[in-house]
Every structure is written in structure tokens, then in C-alpha cells.
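Coordinate inspection notes
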Amino acid sequence: FNHGDSSLSNCLGYKDSVLISDLEYAGKDSPIKQCIDYLIHPQNQLVTIDKKLWFDYFWINLIDKDDKKLCNSYFSLFALKWSLIILNEFLPSIWALRLHSDSMREHYRDMILERQLYKSKLYIKASQKLFNDESPLQVFNKSEKTIINESY
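Residues numbered from 1 in each chain as written. Predicted model: local features only at pLDDT ≥ 70, side-chain atom pairs only at ≥ 80, totals over all residues. Heavy atoms only, no water.

Side note on the packing of helix α6 (residues 109-131) against helix α7 (residues 142-149)
Interhelical geometry of α6 versus α7 gives an angle of 130 degrees and a closest axis separation of 10 Å. Judged by the angle between their axes, α6 and α7 are oblique. Crossing hand, α6 versus α7: left-handed. The segment α6 lies against α7, with Arg115, Tyr118, Lys119, Leu122, Tyr123 and Lys125 engaging Glu144, Ile147 and Ile148. Class assignment for the residues of the contact of α6 with α7 results in five nonpolar, no polar and four charged. (Axes fitted to C-alpha atoms, helices over the stretch in contact; angles between N-to-C directions. Helix = DSSP H or I, 4+ residues; strand = E, 2+ residues; numbered from the N terminus. Parallel < 35°, antiparallel > 145°, perpendicular 65-115°, else oblique. Left-handed = near helix turned anticlockwise from the far one by under 90°. Contact = heavy atoms within 4.5 Å. Nonpolar A, V, L, I, M, F, W, Y, C, P; charged D, E, K, R; others polar.)

As for the nonpolar core
Counting 24 residues, the largest nonpolar core has Ile40, Phe75, Tyr123 and Phe140 as its most contacted members. For this core, the secondary-structure elements that each account for two or more residues are α1 (31-40), α2 (51-62), α4 (71-86), α6 and α7. Contacts of phenylalanine 75, omitting those with residues within four sequence positions, involve Ile32, Ile36, Phe55, Leu130 and Pro136. (Core = buried A, V, L, I, M, F, W, Y, C linked by side-chain atoms within 4.5 Å. Buried < 20%, exposed > 50% of the residue type's maximum accessible area, 1.4 Å probe, protein only.)

Here's the deal with the environment of asparagine 149
Residue placement: asparagine 149 occurs in helix α7. Placed 30 residues apart in sequence, asparagine 149 and lysine 119 show a C-alpha to C-alpha distance of 9.4 Å. Residues within four places of asparagine 149 in sequence aside, it is in contact with Pro42, Gln43, Asn44, Gln45 and Leu46.

Here we look at the packing of aromatic side chains
Pairs of aromatic rings are described using the distance from one ring centre to the other and the angle between the two planes. In total, this model carries seven aromatic pairs according to the counting rule given. Centroid distance phenylalanine 55 to phenylalanine 75: 6.4 Å. Interplanar angle 65 degrees. Geometry classified as edge-to-face. Residue phenylalanine 55 is located in helix α2, and its partner phenylalanine 75 is located in helix α4; the two are separated by 20 residues in the primary sequence. Linked through ring pairs, Tyr38, Trp54, Tyr57 and Phe58 together constitute an aromatic cluster. (Phe/Tyr/Trp six-rings, centres within 6.5 Å; stacked < 30°, edge-to-face > 60°.)

Regarding a nonpolar patch on the surface
A cluster of nonpolar side chains, namely Leu12, Tyr14 and Leu19, defines an oily patch on the protein surface of about 290 Å² accessible area. Its relative accessible area of 38% is what places leucine 19 among the partly exposed residues. (Patch = residues over 30% accessible without salt bridge, like charges linked within 9 Å, V, L, I, M, F, W, Y side chains within 5 Å. Areas by Shrake-Rupley, 256 points an atom, 1.4 Å probe, with all protein chains shown as cover. Salt bridge = Lys/Arg side-chain N within 4 Å of Asp/Glu carboxyl O.)

So, the pattern of salt bridges
Enumeration according to the criterion identifies seven salt bridges in this entry. Between aspartate 56 and lysine 52 there is a salt bridge whose closest N-O contact spans 2.6 Å. With aspartate 56 and lysine 52 both in helix α2, this residue pair falls four residues apart, about one helical turn. We classify lysine 52 as partly exposed; its relative accessible area is 44%. Overlapping salt bridges, with partners in common, bring together Lys33, Asp37 and Lys81 in one network.

Quick notes on the side chain of serine 83
Its location among the elements puts serine 83 in helix α4. Given the relative accessible area of 3%, serine 83 is considered buried. Of note is the side chain of serine 83, whose polar atom sits 2.6 Å from the side chain of serine 120. Dropping the residues within four chain positions of it, serine 83 is found in contact with Ser120, Tyr123 and Ile124. (Polar contact = N/O pair within 3.5 Å; in protein donor to acceptor, adjacent residues only side chain to side chain.)

Brief notes about α2
Residues lying three or four places apart along an α-helix face the same way, a consequence of the helix completing one turn every 3.6 residues. The terminal C-alpha atoms of α2 lie 16 Å apart, and with twelve residues this matches the ideal 16 Å at 1.5 Å per residue to within 8%. Among the residues of α2, Lys51, Phe55 and Phe58 are the ones counted as buried. Within α2, the buried residues cover an arc of 70 degrees as seen down the axis, which keeps them to one side. Turned more than 90 degrees away from the buried face of α2 sit Leu53 and Ile60, all of them exposed. Where α2 is buried, its residues contact α1 and α4. Backbone nitrogen of lysine 52 and a side-chain oxygen of the N-cap are separated by 2.9 Å at the start of α2; the cap is aspartate 50. (Expected span 1.5 Å × (residues − 1). Arc of directions from axis to C-beta.)

Right, dumping it as C-alpha cells:
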């Protein structure tokens, strides 16, 4: 089982448990995707929970030893995926949806698009780092995490 959009914004606290929600993209998928998507998801960048525990769990228990040899490539591709997702704001259909929820965005369109392009470039840089076998726990510095976490 893979959630498909692993972020704490898609979880609900209930008593002493965490319940997952928003299963729109959930299904059977590789543990590699679940592992890296959580670690580099924009909304998880400022999470203070120890991400090393998450990574170690997947690395030790779920990712096949044969796949580990290619994880730098897999992780790199998922960073590129996020780079493209962030650029969705440039699509007229997506922009129209954003305006329906807040028409004031039109006044800030240039700034929003510039910001999204910058975030996309951060993910491209992260993709290069991951391809070169840098740890997925260290691909963004503190200021980059702050920028990526912001909605615009």
C-alpha cells in the first residue's frame, strides 16, 4: 500500500493515533516511492519529526537489496517529479482553479510564478544531488526548506 501523497497535511490525529486521509492517489506501489515522496514532499519540509527513522525503516525493512543499487536514480526522478508538479501553476487550467478560490491571486501572478519557478529549480538541484548519491535527508538546507514549504 502506498498513500501516493505522503504528507502530514494528509493525516489526522485521533487519540494516540495518526489516521491517514486523502486517499485519492493511494494504491499498490513501490516502497521506494513512499519513502522518498514523504522525505521531499513540499509540505513536509518543516516537519520536526525525525525523518531518519522514516528513511531507516524503509531502507532496512522494505526496499529490496537489488533496488538499493539504483535508489539514487529513483530518488532523483522523484525530485524531478516534484519540480514538474510545482510548475503546474503555469498551466492556464490550474491557474483558473486557483483564481476561483482566491481572485486576489491575479494581482500577484508574476510573483507567484517566479516563486514557483524558483522552487522548481531547488528540486532540480536536489535531483542532481540525489543522483550523485547524497542522502535524501540532506538535499535541502534550512532556508530552502522554508521556501519550499510555503504555498507561494
